[in-house]
Amino acid sequence: MSSSVCQTGPYGKSCFQKYGDKFWVVDTYTNGRGHYAQWENWLHNGSTWVLYRRGTCSNDLTTGVWGYCNKEFYEDSTSPNPLGGRGSGIRLYSCDALVGCQGYTWILNNG
């Protein structure tokens with residue numbers, strides 16, 4: 001998980017590894033509910049940031065065991081991106097299956 005940026009959430013942690021575009025998720029509390037990363041990919045269209053796509057990465061493994069999901073995102077330096085601008089970022093939430101998400105981390109996808 002080198003070069004990862006993490007967000008701590010209720011009863012777990014979610015990280016984004018820029019190189020390889022992987023989400024890593026760990027449940028840190030044995031409550032039988034699981035933990036997941038919720039992500040949003042934002043692209044810059046030349047004047048503003050626009051939500052391009054979103055999704056989740058779930059971890060239903062044993063408490064303390066990291067799970068991951070492999071995705072593919074545009075790099076921040078891609079020009080032009082599909083919206084005609086330059087810029088790609090990830091909004092990362094770390095969420096408990098019952099409690100939900102609390103706060104997020106913004107990550108410029110420049111890995």
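As shown above, the structure is provided for reference.
Please read all numbers here as calculations on a predicted model, not as lab measurements.

Draft legend 1. Representation of the environment of Ala-37 in the model. Structurally, Ala-37 can be placed in strand 4 (residues 35-44). Assessed through its relative accessible area of 0%, Ala-37 is described here as buried. Between the C-alpha atom of Ala-37 and that of Lys-13, which follows or precedes it by 24 residues, the distance is 8.1 Å. Residues within four places of Ala-37 in sequence aside, it is in contact with Ser-14, Val-25, Gly-55, Thr-56, Cys-57, Leu-92 and Tyr-93.

Draft legend 2. Main features of the sheet that holds strand 1 (residues 4-9). In space, the four strands of this open sheet follow the order 1-2-3-6, with antiparallel pairing throughout. Both edges of this open sheet fall to strand 1 and strand 6 (67-70), since each of them pairs with a single strand only. With strand direction ignored, the average angle separating the axes of adjacent strands in the sheet is 20 degrees.

Draft legend 3. Fine view of the pairing of strand 7 (residues 88-96). Here strand 7 lies mainly inside the structure; eight of its nine residues are buried. Here strand 4 runs beside strand 7; their pairing, made up of nine bridges, is antiparallel. Note on strand 7: the bridge partner recorded for Ala-37 is Ser-94. In sequence, strand 7 turns back onto strand 8 (residues 100-101) through a hairpin of three residues.

Draft legend 4. Fine view of the pattern of salt bridges. Per the stated rule, a full pass over the model turns up two salt bridges. The salt bridge involving Asp-96 is made with Arg-33; its shortest N-O contact spans 2.9 Å. Taken as a pair, Asp-96 in strand 7 and Arg-33 in the loop between strand 3 (22-27) and strand 4 lie far apart in primary sequence, 63 residues in all. Residue Arg-33 is classed as partly exposed on the basis of its relative accessible area, which comes to 28%. Close ionic contact of Arg-91 with Glu-40 constitutes a salt bridge, the shortest N to O distance being 3.8 Å. In this pair, Arg-91 is assigned in strand 7 and Glu-40 in strand 4, connecting sequence segments 51 residues apart. Given a relative accessible area of 8%, Glu-40 falls into the buried group.

Cut-offs used in this document
- Residues numbered from 1 in each chain as written.
- Predicted model: local features only at pLDDT ≥ 70, side-chain atom pairs only at ≥ 80, totals over all residues.
- Heavy atoms only, no water.
- Helix = DSSP H or I, 4+ residues; strand = E, 2+ residues; numbered from the N terminus.
- Buried < 20%, exposed > 50% of the residue type's maximum accessible area, 1.4 Å probe, protein only.
- Contact = heavy atoms within 4.5 Å.
- Pairing = 2+ DSSP bridges.
- Axes fitted to C-alpha atoms, helices over the stretch in contact; angles between N-to-C directions.
- Salt bridge = Lys/Arg side-chain N within 4 Å of Asp/Glu carboxyl O.

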